[in-house]
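Per-entry structural report
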Amino acid sequence: MSDKKTVRDVNVKGKRVLVRVDFNVPLDDGQVADDTRIRAALPTIQYLIEHGARIILMSHLGRPKGRVVEDLRLTPVAKRLAELLGRPVAMAVDCVGEEVEAAVERLRPGDVLLLENLRFHPGEEANDPEFVRRLASLGEVYVNDAFGTAHRAHASTEGVAHLLPAVAGFLMEKELNFLSKALENPEHPFVAILGGAKISDKIGVVDNLLGKVDALLIGGGMANTFLKAQGHQVGQSLVEEESLPLARELLNKAGRKLVLPVDVVVADRFDAEAQSKIVGVEEVPAQWRILDIGPATVERFAQELYVAKTVVWNGTMGVAEFPRFAAGTRAIIETLAESGAITIVGGGDTAAAVHQAGMVEKMTHVSTGGGASLELLEGKVLPGVAALADK
Ligand code: ADP
Ligand code: MG
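The following paragraphs examine the structure supplied in this document. Position numbers for residues count from 1 along each chain, tracking the sequence in the order it is written. The lettering of chains begins at A and the numbering of ligands begins at 1, in the order of writing. In keeping with the model being predicted, local features are shown solely for residues with a pLDDT of at least 70 and side-chain atom pairs are shown and tallied solely at 80 or more, while totals for entire chains, interfaces and linings include all residues. Excluded from the side-chain calculation are hydrogens and water; included are all heavy atoms of the structure.

With that settled, consider the overall build of the protein. Within the protein, the secondary structure is distributed over 15 helices and 17 strands. For the protein, whose C-alpha radius of gyration is 23 Å, the value lies close to the compact-globule estimate of 21 Å for 391 residues. Dimensions along the principal axes, computed over C-alpha positions, put the protein at roughly 70 × 45 × 35 Å. We call a residue buried when its accessible area falls under 20% of the maximum for its residue type, exposed when it is over 50%, and partly exposed in between, using a 1.4 Å probe and counting protein chains only. In the protein, which comprises 391 residues, the proportion classed as buried is 58%. Partitioning the intrachain contacts of the protein with sequence separation of at least 6 by distance along the chain shows that 73% fall at a separation of at least 24. Total accessible area on the protein stands at roughly 16,700 Å², and carbon and sulfur atoms take up 47% of it. In this tally Asp and Glu are treated as negative and Lys and Arg as positive; neither His nor the chain ends contributes. By convention, the charge on Lys lies at NZ, on Arg at CZ, on Asp at CG and on Glu at CD. The centroid of the 43 positive side-chain charges in the protein is displaced by 3 Å from the centroid of its 53 negative side-chain charges. Secondary structure elements are defined from DSSP: runs of H or I of at least 4 residues count as helices, runs of E of at least 2 residues count as strands, and each element is numbered from the N terminus. A radius of gyration in this sense is built from C-alpha atoms; the matching globule rule multiplies 2.2 Å by the number of residues raised to 0.38. Contact definition: two residues touch when any of their heavy atoms are within 4.5 Å. Throughout, the Shrake-Rupley method with a 1.4 Å probe supplies accessible areas, and for residues the shown protein chains are the sole cover considered.

As a general point, the strands of a sheet are linked pairwise by backbone hydrogen bonds and lie either parallel or antiparallel. At least two bridges found by DSSP between two strands are what make those strands a pair. Ordered in space as E5-E6-E4-E1-E7-E8, the 6 strands form an open sheet in which the pairing is parallel. Taken across any chain shown, the strands that pair with only one partner, and hence form the sheet edges, are strand E5 (90–91) and strand E8 (166–168). Here strand E1 (residues 16–20) pairs with strand E7 (residues 141–144) via 4 bridges, running parallel. When the sheet's bridge partners are listed, Val17 is paired in E7 with Val141. Contacting E1, strand E4 (54–58), strand E6 (112–114) and E7, helix H1 (residues 36–50) crosses the sheet at an angle of about 160 degrees to E4. Orientation is described by lines fitted to C-alpha atoms, with helices fitted over the stretch in contact, and by angles between N-to-C directions that extend from 0 to 180 degrees.

This part covers a negative patch on the surface. Surface patches are defined over residues having more than 30% relative accessible area and no salt bridge, joining like charges when they lie within 9 Å and nonpolar side chains (Val, Leu, Ile, Met, Phe, Trp, Tyr) when within 5 Å. The working definition used for a salt bridge is a side-chain nitrogen of Lys or Arg within 4 Å of a carboxyl oxygen of Asp or Glu. A grouping of Glu98, Glu99, Glu101 and Glu105 is seen on the molecular surface, where their side chains present a negatively charged patch. With respect to the secondary-structure elements, Glu101 resides in helix H3 (residues 98–106).

If you trace the backbone, Gly66 turns up in the loop between E4 and helix H2 (75–85). Using a relative accessible area of 19% as the deciding quantity, one classes Gly66 as buried. For the pair formed by Gly66 and Ala389, sequence separation is 323 residues and the distance between their alpha carbons is 29 Å. Beyond its immediate stretch of four places on either side in the chain, Gly66 contacts Arg119, Phe120, His121 and Pro122.

Another point: empty space enclosed by the protein. Here a cavity is any set of points on a 1 Å grid over the protein atoms alone where a 1.4 Å probe fits but cannot get out, and a pocket is any open set with protein on both sides within 12 Å along at least 5 of 7 lines; a residue lines the site when it has an atom within 4 Å of a point. Grid points are joined across faces, edges and corners, and a volume is the space filled by probe spheres set on the points. Under the counting rule described, the total for this entry stands at 1 cavity of 30 Å³ or more. There is about 40 Å³ of room inside the largest cavity. Looking at the largest cavity, the residues that line it are Asp22, Arg37, Ala40, Ala41, Asp145, Leu171 and Thr368.

With their axes 8 Å apart at the nearest point, helix H8 (residues 199–210) and helix H14 (residues 370–377) run at an angle of 40 degrees to one another. One way to sum up the angle between H8 and H14 is to call them oblique. On H14, the residues touching Asp201, Lys202, Val205, Asn208 and Leu209 of H8 are Leu374, Leu376 and Leu377. Asp, Glu, Lys and Arg are counted as charged, while Ala, Val, Leu, Ile, Met, Phe, Trp, Tyr, Cys and Pro are counted as nonpolar; the rest, among them Gly, fall into the polar class. Classifying every residue of the contact of H8 with H14 by side-chain character gives 5 nonpolar, 1 polar and 2 charged. Every angle not falling under 35 degrees, over 145, or within 65 to 115 is termed oblique; those three ranges are roughly parallel, roughly antiparallel and roughly perpendicular.

Counting buried positions along strand E14 (residues 289–293) yields 4 of 5 residues, so the element is predominantly enclosed. One ladder, built from 4 bridges, connects strand E12 (residues 263–267) with E14; its direction is antiparallel. If you follow Val265 over to E14, its bridge partner there is Asp292.

If you want it as structure tokens, here you go:
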């Protein structure tokens, strides 16, 4: 369990509660294209409404780099949030300043105000003390429900937590409970699945997990570097030459815990329409490249997954963006969906694949935070979490 205080542990009645949420949603033609992140914040917002707080929401959207970008205003988000809550959501003209302060003063218990994009100000990402002070002055209590940005020490995710009583929202609590519990006290057999393009992105995760798991299944582009380190020819596959010594070291250290592909889907070029075939890892043609794991590998991975009690997965098994090379990822999703284990999925592309397969409900937990979940898997302490009050 997370050892951080939550909204349940503070008195919010009548208080101005400043809530960091992650409303960094995709927009399409001025509309919210996917409201998953808005929905994920609803339990906290609804709790605060029911308990008579005066709610001030803040978020970033996109990468405006410290200046106002018209297309990155949060107005469409306020509109969608109002629909989901079934009550009005006031949109502030900015996130700090006199006009915002006046709008905050007008809030009555249960009212909701959404501040304008935090990253219109350079002070947000710089965690600038003066900007932090101005933001913090708007609230009396601070709630962080933005798990997806908790690995960043920005003004709204870390700075303000030092100036106000600071607690976790329900989404933050849920993410920490699932991910921390899996890592600190997993039910064994504990199996991790790692994939994705680059081994260098995930070395820290491999290193941290090796000491905790019973098996570590490696697919995706990152498997290529291991395969090459084992002496296989991988043709035109994505390989990180500079990571070869490290891959050799990990192979030695991990012994039989590390499970690598035994067969792969190769393509004659990197293209959705490329010619493809299934080959053993010893027979990758020189001019071809590995874009997915093969069916024998799925079988081998499934053997581990069938007996697992806890599974953590990050990184797709192949180039799942191309339907022709999505079968490996899809098969892992289906294996996990049928498993009785605690299944935790992290990572933007991996979560997207689970959403696309319509299997979110079949997993124990699909994390809303890509980078943040990866840093937890690496064993790092997230600055936005560290700054919250302990129980
Ligand atoms: P997540 O976003 O879930 O953390 P990553 O971003 O690490 O996952 O990995 C997903 C990316 O890895 C996708 O863009 C996918 O195309 C790429 N990828 C997976 N397997 C391969 C491969 N064999 N060759 C090249 N790219 C791959
Ligand atoms: Mg990704």
